[in-house]
Amino acid sequence: MRYLTAGETHGPQLTAIIEGFPSNITIDFEAMNHQLHRRQKGHGRGRRMQIEKDTASIVGGVRHGRTTGAPIALVVENNDWKHWTSIMNIEEQPDTVEGKRRVNRPRPGHADLSGGLKYNQRDLRNILERSSARETTMRVACGAVARQLLEEFGIKLASHVVRIGEVEAKAPELPIDELIRITEESPVRVVDAEAEAAMVAAIDAAKADGDTLGGIVEVIVEGAPVGLGSHVQWDRKLDGRIAQAVLSIQAFKGCEIGIGFEAAKLRGSKVHDAIHFDENSGFHRATNRAGGFEGGMTTGEPIVVRGVMKPISTLYKPLQSVDIDTKEPFTAQVERSDTCAVPAAGVIMENVVAWEVAQAFMEKFGGDSLEEIRRNYESYLKQVESY
């Protein structure tokens, strides 16, 4: 499976094409759009989330509620487009609007200057419109479709916030369904009520200062069978592919799996997971410090991935920049933005990870229809059980 996305943050719509998705999977449209709604929530989001009420329409690859095996085409319309039609119009515009909302002062921390130099663009809006995190809308939509494949085989995903700024939440020890229930009710996606209050206060303080906050989010995947991914080539290692996907999310600067960087200061006996066997559980681990991976392959234990999101680059008290026309110093231009998007980033990361797991699942049990995949999957489980 693969997908491509297209569209700009203030353009008419965002689009994605999913190729290689199997036939005969019933699409739950409400569940798909629920993921888009989750992405827009969280304390610290900006006014754009009040304008956009994201809903994905499927315009190809699904008939009578079921996938056909053809490419799936998804569209999310941008409600804000009506305010940007003259600025972002695809057709050639008269001179009267040529310079309107032109961006010539690159913002530190964004793609503006590097992209302008690379693509030889004198209006940096041509860079920021595509590099915007608005693009993650379609990655969530694609992940929401992939989740429906995973759910057919009992695979679930959840996320929670580990840290916002200086505030760290206690690690939750809950069944995944309970974790989902509680975090969905929290404005910062945590179980720890004390940390929740401190995080909300920290976000409000940063907003008052014209500043922003980053943090750490964790995604958990339960139900993935042993053997997704491969050890035989570097680019087939599923943990590596997940890490690459996480770091491709706008503003993400780090990724760790299992205990991650903590392993650097521990002895091996405190890092690796002993292997056990009994008739009821088969091969299993008493601990899961490896985060569900050994040798680039899933172990059958829950997948645990954390991502680090830097503070949002757009500051309402902007840093110094340089005008690309005059080369004179100025304070950077300000585009509408969030104070903290860490809770929403957890939702984005969930769906990005869901896609990577679904892609590896299709590589392992590949077929053109749900029925064919299920036969392959059940045959493999029998092989594992009889090992």
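What you see is a predicted model; the values in this text were computed from it and never measured.

Novice: Account for the layout of surface pockets, naming residues and giving values.
Specialist: In this model, the second largest pocket occupies a volume close to 850 Å³. Those elements giving two or more residues to the lining of the second largest pocket turn out to be β11 (275-278), β12 (282-285), β14 (297-298) and α11 (370-385). Classifying every residue of the lining of the second largest pocket gives 10 nonpolar, nine polar and seven charged.

Novice: Break down the sheet that holds strand β9 (residues 215-222) for me, with residues and values.
Specialist: If you walk across this open sheet you meet the five strands as β8-β7-β9-β15-β10, and the pairing is antiparallel. Here the strands that pair on one side only, and so sit at the sheet edges, are β8 (167-168) and β10 (252-257). In the sheet, β10 pairs with strand β15 (residues 303-309) via five bridges, with the strands oriented antiparallel. Bridge pairing links I257 to V305 in β15. Against the sheet, helix α7 (residues 176-185) makes contact with β7 (156-164) and β9, and its axis sits at roughly 55 degrees relative to β7, the strand it touches most. Most of the contacts of helix α10 (residues 342-365) go to β7, to which it runs at about 145 degrees, and overall it touches β7, β9, β10 and β15.

Novice: A description of the sheet that holds strand β1 (residues 2-6) should follow, citing residues and the corresponding values.
Specialist: Here four strands make up an open sheet; going across it, the order is β1-β2-β6-β3 and the pairing antiparallel. Sheet topology places β1 and β3 (56-60) at the edges, where each strand pairs with a single neighbour. Recorded for the sheet is a direction-independent mean angle of 20 degrees between the axes of neighbouring strands. Bridge count for strand β2 (residues 13-19) against strand β6 (residues 72-77) is six bridges, and the pairing is antiparallel.

Novice: Which residues make up the UniProt feature "binding site: FMN" (unreviewed entry) in the protein chain, and what are the values?
Specialist: Under the local residue numbering, the UniProt record ascribes the feature "binding site: FMN" (unreviewed entry) to R130, S131, S132, Q250, A251, G295, K310, P311, I312, S313, T314 and R336. Mapped onto the elements of the fold, S132 is located in the loop between α5 (125-131) and α6 (136-151). Apart from the residues within four sequence positions on either side, S132 is in contact with T9 and Q250. By relative accessible area, S313 is classed as buried at 17%. Beyond its immediate stretch of four places on either side in the chain, S313 contacts P108, G109 and H110. There is a polar contact of 3.4 Å between the side chain of S313 and the side chain of K310.

Novice: Would you mind going over the pattern of salt bridges in detail, with residue names and values included?
Specialist: Taken as a whole and assessed by the stated rule, the structure comprises 24 salt bridges. With a closest N to O distance of 2.8 Å, D325 and R102 form a salt bridge. With D325 in the loop between β16 (320-322) and β17 (329-331) and R102 in the loop between α3 (85-88) and α4 (112-119), this residue pair connects regions lying 223 residues apart in the sequence. Of the residues examined, D325 reaches a relative accessible area of 36% and is grouped as partly exposed. In this structure R102 comes out as partly exposed when scored by relative accessible area, which is 27%. In this structure, R306 and E256 form a salt bridge, with 2.8 Å as the shortest nitrogen-oxygen distance. Taken as a pair, R306 in strand β15 and E256 in strand β10 lie far apart in primary sequence, 50 residues in all. One salt-bridge network, in which partners are shared between bridges, spans R38, R147, E184, R189 and E350.

Novice: Please set out the packing of helix α1 (residues 29-39) against α10 residue by residue, giving values where relevant.
Specialist: One way to put it is that α1 packs onto α10 with a least axis distance of 8 Å and a crossing angle of 145 degrees. Judged by residue contacts, Q35, R38 and R39 of α1 engage A344, V347, I348, E350 and N351 from α10. Here the residues of the contact of α1 with α10 are counted per class, giving three nonpolar, two polar and three charged.

Novice: I'd like a rundown of the UniProt feature "binding site: NADP(+)" (unreviewed entry) in the protein chain, residues and numbers included.
Specialist: Under the UniProt annotation, the feature "binding site: NADP(+)" (unreviewed entry) is placed at R39 and R45. The class of R39 is buried, set by a relative accessible area of 3%.

Novice: How would you summarise the nonpolar core if you had to cite specific residues and measurements?
Specialist: If you look at the biggest cluster of nonpolar residues, it comprises 75 residues, and the most contacted ones within it are L74, I164, M349, V353 and F361. Counting residues per element, this core draws most heavily on α10, at 14 residues.

Novice: Outline the packing of aromatic side chains, listing residues and values.
Specialist: According to the stated counting rule, one finds nine aromatic pairs in the structure shown. Taking 4.7 Å as the distance between ring centres and 90 degrees as the angle between the ring planes, the aromatic pair formed by Y3 and W355 counts as edge-to-face. Residue Y3 is located in strand β1, and its partner W355 is located in helix α10; the two are separated by 352 residues in the primary sequence. Taking relative accessible area as the criterion, Y3 reaches 22% and is therefore assigned partly exposed. Classification of W355 by relative accessible area gives buried; the value is 4%.

Novice: I'd like a rundown of the packing of α1 against α6, residues and numbers included.
Specialist: Following both chains from N to C, one finds α1 and α6 inclined at 140 degrees, their axes separated by 9 Å at the closest point. The angle between α1 and α6 falls in the class oblique. Note that α1 runs across α6; the crossing there is right-handed. Here α1 contributes A31, M32, Q35, L36, R38 and R39 to the contact with α6, which in turn contributes T136, T137, V140, A141, A144, V145, R147 and Q148. When its residues are assigned to classes, the contact of α1 with α6 shows seven nonpolar, four polar and three charged.

Calculation notes
Residues numbered from 1 in each chain as written. Predicted model: local features only at pLDDT ≥ 70, side-chain atom pairs only at ≥ 80, totals over all residues. Heavy atoms only, no water. 1 Å grid on protein atoms, 1.4 Å probe; cavity = no way out; pocket = protein on both sides within 12 Å on 5 of 7 lines; lining within 4 Å. Points joined across faces, edges and corners; volume = space filled by probe spheres on them. Helix = DSSP H or I, 4+ residues; strand = E, 2+ residues; numbered from the N terminus. Nonpolar A, V, L, I, M, F, W, Y, C, P; charged D, E, K, R; others polar. Pairing = 2+ DSSP bridges. Contact = heavy atoms within 4.5 Å. Axes fitted to C-alpha atoms, helices over the stretch in contact; angles between N-to-C directions. UniProt positions renumbered as here; feature names shortened; annotations may be inferred. Buried < 20%, exposed > 50% of the residue type's maximum accessible area, 1.4 Å probe, protein only. Polar contact = N/O pair within 3.5 Å; in protein donor to acceptor, adjacent residues only side chain to side chain. Salt bridge = Lys/Arg side-chain N within 4 Å of Asp/Glu carboxyl O. Core = buried A, V, L, I, M, F, W, Y, C linked by side-chain atoms within 4.5 Å. Phe/Tyr/Trp six-rings, centres within 6.5 Å; stacked < 30°, edge-to-face > 60°. Parallel < 35°, antiparallel > 145°, perpendicular 65-115°, else oblique. Left-handed = near helix turned anticlockwise from the far one by under 90°.

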